[in-house]
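# Coordinates in review
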Amino acid sequence: MRRGPLRQRQFTKGTRTRSFLSIHCGRRASSAALALSKFSLAALLVAISFATPISLARGAPKAVILEIDGAIGPAVAEYVAREFRDANPSDTRIVILRMNTPGGLDTSMREIIAAILAAPVPVATYVAPSGARAASAGTYIAYASAVAAMAPGTNIGAATPIQLGGPGEPPRKGREPDTSGDGGRNAGGADNEPPDAEGRKVLNDAIAYIRGLAELNGRNADWAADAVRNAVSIPASEALKLHVIDVVADDVPDLLRQIDGRSVTVAGKTVRLATQGLEIVVHPPDWRTQLLAVITNPNIALLLMLAGVWGLVFELTSPGAVVPGVLGAISLLVALFALNLLPVNFAGVALLALGIGLMIAEAHLGAFGLLGVAGIAAFVIGGVMMFPSRAPGFALSLPVLAGATVVTGGLFLVVLALLLRSRRRPIVTGDEGLLGAEGEAVAWQGEEGRVRIKGEIWRARAARPLEPGNRVRVIERQGLVLTVEPM
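Residues numbered from 1 in each chain as written. Predicted model: local features only at pLDDT ≥ 70, side-chain atom pairs only at ≥ 80, totals over all residues. Heavy atoms only, no water.

With that settled, the discussion passes to the overall build of the protein chain. Looking only at helices and strands, one finds 15 helices and 16 strands in the protein chain. Out of the 487 residues belonging to the protein chain, those deemed buried represent 40%. (Helix = DSSP H or I, 4+ residues; strand = E, 2+ residues; numbered from the N terminus. Buried < 20%, exposed > 50% of the residue type's maximum accessible area, 1.4 Å probe, protein only.)

Written out as structure tokens, the structure reads:
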């Protein structure tokens, strides 16, 4: 009877202990879950607080400005095409090409126009600031844009392909430039046709191209054809009057205000512009575009090619110098990359390389200057022929070519002088280098022994016995045996 209550009491006591532990652990678990929930909520709020400005910034409507200042080449085309690819229609309402250009390469111009026509957002070309121009390739780009605008004091036109007729051929004079907008139909514009079939083909292709762009955006196609045929150029006020452009604006905010609500064609669809109050964001060319613009300058490409060739020549003539070879290889590869992007005449490149080769051959062969003179002539002719295009910003500068010729000729003369000086020095190798050399006897027995000549031990013979330490002179060599005489 006593054991029962005792066991009952023990059982009751254990039950209370387990109940207390379970309640205590449950409270701890609930507290941990509550703390975890609070931490998760706080993290979520922080993430939202950081993400909200980014999303708002991405969604803020803006007008992106791209800068085209200078000649239009591969670097500018790559920069414009890349920016159009990166344009997001959700936040970019319009892209403005703020342009001041004398023209450029036909291939780069067509690449930019193709990017404009395929752009997912409206594109406006704005010739600015005052004093700027949209000549040659700039006229085509303006005609390809959904909106064409100019600042006061600017001009547009002179869109004739300047390569036609071949380099150096003067344009034919038939009449005064026509600005009436009739395309010269009543003034005999055929007088300015190029005389050769190739020139007429280039001219007619350019006229048809710009007419197509004009019809695409509803602009004056007749004046565009006249700008190509007769290279006419007009100021902003007259361009607006002839419906060559759409707006004359003082600045970008004024441009956005004037074109707000205008209907334009974008990728074949009619779009109504909403440009009032847009945030203006400028995307200038980055360092890669600027570097590409530098190395695709024909003058820089020529100098890089010369530096590369001469660096490799110095490395081959002085093995182990390392630095000329490394710098020469880098310069030559960069020059070849630039030449791949530029319109070059490879016959001119071959003549340039031949000229350098002839000057190097003159330095080694010594042809009394004939090879050197021929090399300089080939170098000059190749430099003139290498860049036949007369596009603004992509023509080889004659002072640069003259300077490169002088430097190359100077290097040739230096190498030639070093070669002549080396021929006057006494021979230090072979039989000629040993004859007359002085030394001393090291060991001798009878008429033969060993001598030290120029730090080397040789077998030797003499007409009479010598003593170790006697000074001797070499008078003959037969294989590996020297004939000496005492001094």
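We are not done yet, so read on.
Below, the discussion takes up the pairing of strand E15 (residues 471-478). Relative to E15, strand E12 (residues 438-445) is paired through three bridges, and the arrangement is antiparallel. Along E15, the bridge assignment pairs Glu440 with Arg471. In this antiparallel pair of consecutive strands, E15 and strand E16 (residues 481-486), the connection spans two residues, and Gly479 shows a positive phi of 65 degrees. (Pairing = 2+ DSSP bridges.)

Before going further, it helps to examine the pattern of salt bridges. A side chain with one charge may pair with a side chain of the opposite charge, provided their charged atoms come close. Scanning the model with the defined rule gives 14 salt bridges in all. Where Lys62 meets Asp91, a salt bridge forms, and the shortest distance between an N and an O atom there is 3.9 Å. Here Lys62 is found in strand E1 (residues 62-69), whereas its partner Asp91 is found in the loop between helix H2 (74-86) and strand E2 (92-100), with 29 residues between them in sequence. Across the salt bridge formed by Arg82 and Asp286, the nearest N and O atoms sit 3.3 Å from each other. (Salt bridge = Lys/Arg side-chain N within 4 Å of Asp/Glu carboxyl O.)

In this section: the environment of Ala115. Position of Ala115 relative to the elements: it lies in helix H3 (residues 106-117). Excluding its chain neighbours within four sequence positions, the residues that come into contact with Ala115 are Ala81 and Phe84. (Contact = heavy atoms within 4.5 Å.)

A few words on the sheet that holds strand E8 (residues 247-248). Taken in spatial order, the six strands of this open sheet run E8-E5-E3-E2-E1-E11, and their pairing is parallel. If you trace the sheet from one side to the other, it starts and ends with E8 and strand E11 (279-283), each paired once. Along the sheet, H2 makes contact with E1, E2, strand E3 (123-127) and E11, crossing E1 at roughly 170 degrees. (Axes fitted to C-alpha atoms, helices over the stretch in contact; angles between N-to-C directions.)

On to the packing of helix H5 (residues 197-217) against helix H6 (residues 221-230), then. Interaxial distance between H5 and H6 falls to 9 Å at its minimum, and their mutual angle equals 155 degrees. Classified by the angle between their axes, H5 and H6 sit roughly antiparallel to one another. The interaxial crossing formed by H5 with H6 has right-handed handedness. Taking contact as the criterion, the partners of Leu203, Ala206, Ile207, Ile210, Arg211 and Ala214 in H5 are, on H6, Ala221, Asp222, Ala224, Ala225, Val228 and Arg229. Across the contact of H5 with H6, the residue classes tally to nine nonpolar, no polar and three charged. (Parallel < 35°, antiparallel > 145°, perpendicular 65-115°, else oblique. Left-handed = near helix turned anticlockwise from the far one by under 90°. Nonpolar A, V, L, I, M, F, W, Y, C, P; charged D, E, K, R; others polar.)

Here the focus is H6. In terms of burial, H6 is largely enclosed, as ten of its ten residues are buried. Where H6 is concerned, the buried positions are Ala221, Asp222, Trp223, Ala224, Ala225, Asp226, Ala227, Val228, Arg229 and Asn230. On its buried face, H6 sits against helix H4 (137-144), strand E6 (155-157), H5 and strand E7 (233-235). Backbone nitrogen of Asp222 and a side-chain oxygen of the N-cap are separated by 3.2 Å at the start of H6; the cap is Asn220. Two residues or fewer after H6 comes Ala231, characterised by a positive phi angle close to 60 degrees. (Polar contact = N/O pair within 3.5 Å; in protein donor to acceptor, adjacent residues only side chain to side chain.)

Now for the confidence of the model for the protein chain. Looking at the protein chain, the pLDDT average stands at 78 and 75% of residues meet or exceed 70. Within the model, the stretch residues 1-30 combines pLDDT values under 50 with zero contacts to residues more than four positions away or in other chains. The low-confidence segment residues 44-58 (pLDDT under 50) makes one contact with residues lying over four places distant or belonging to another chain. (pLDDT = per-residue confidence, 0-100.)

Nonpolar side chains collect at one region of the surface, where Val322, Val323, Val326, Leu327 and Ile330 lie side by side and expose about 450 Å² of accessible area between them. Here Ile330 is to be found in helix H11 (residues 323-341). (Patch = residues over 30% accessible without salt bridge, like charges linked within 9 Å, V, L, I, M, F, W, Y side chains within 5 Å. Areas by Shrake-Rupley, 256 points an atom, 1.4 Å probe, with all protein chains shown as cover.)

In this section: the pairing of E3. E3 sits mainly inside the fold: five of its five residues count as buried. With burial as the criterion, each face of E3 is covered, one bearing Val123, Thr125 and Val127 and the other bearing Ala124 and Tyr126.

Okay, the environment of Val400 next. With respect to the helices, strands and loops of the structure, Val400 is situated in helix H14 (residues 398-424). Owing to a relative accessible area of 24%, Val400 belongs among the partly exposed residues under this scheme. Between the C-alpha atoms of Val400 and Asn299, which are 101 residues apart in sequence, the distance is 6.6 Å. Not counting residues up to four positions away in its chain, the partners in contact with Val400 are Asn299 and Leu303.

Across soluble globular proteins, nonpolar side chains have a tendency to be buried as a group. Core analysis: the biggest nonpolar cluster contains 54 residues, and Phe84, Leu97, Ile141, Ile156, Trp223 and Val244 have the highest contact counts within it. Sequence-distant contacts of Leu97, that is, excluding residues within four places in its chain, are made with Leu66, Ile68, Val80, Phe84, Ile116, Val123, Ala124, Thr125, Tyr126 and Ile141. Listed in part, the 22 residues of the second largest apolar core include Ala335, Ala338, Leu339 and Val349. (Core = buried A, V, L, I, M, F, W, Y, C linked by side-chain atoms within 4.5 Å.)

Another aspect to go through is H3. Here H3 contains twelve residues, and its C-alpha end-to-end distance of 16 Å stays within 8% of the 16 Å for a straight helix at 1.5 Å per residue. Burial in H3 covers these residues: Ser108, Met109, Ile112, Ile113, Ala115 and Ile116. Viewed end-on, H3 has its buried residues packed into an arc of 160 degrees, placing them on one side of the element. Along its buried surface, H3 packs onto H2, E2, E3, H4 and H5. (Expected span 1.5 Å × (residues − 1). Arc of directions from axis to C-beta.)

Moving on to the side chain of Thr101. Secondary-structure assignment places Thr101 in the loop between E2 and H3. By relative accessible area, Thr101 is classed as buried at 0%. A polar atom in the side chain of Thr101 sits 3.0 Å from the backbone nitrogen of Gly103. Ignoring sequence-local partners within four residues, the contact set of Thr101 consists of Gly70, Ala71, Ile72, Arg133, Ala134, Ala135 and Gly138.

Quick look at the packing of aromatic side chains now. All told, the structure shown has one aromatic pair when counted by the stated rule. Plain terms: the ring middles of Tyr140 and Tyr209 are 6.2 Å apart, the flat faces sit at 25 degrees to each other, and that makes the pair stacked. With Tyr140 in helix H4 and Tyr209 in helix H5, the pair connects residues that are 69 residues apart, well separated along the chain. Take Tyr140: its relative accessible area is 5%, and that puts it in the buried class. Sitting over the face of the ring of Tyr209, Arg110 holds its NZ or CZ atom 4.1 Å from the ring centroid. (Phe/Tyr/Trp six-rings, centres within 6.5 Å; stacked < 30°, edge-to-face > 60°. Lys NZ or Arg CZ within 6 Å of the ring centre and 35° of its normal.)

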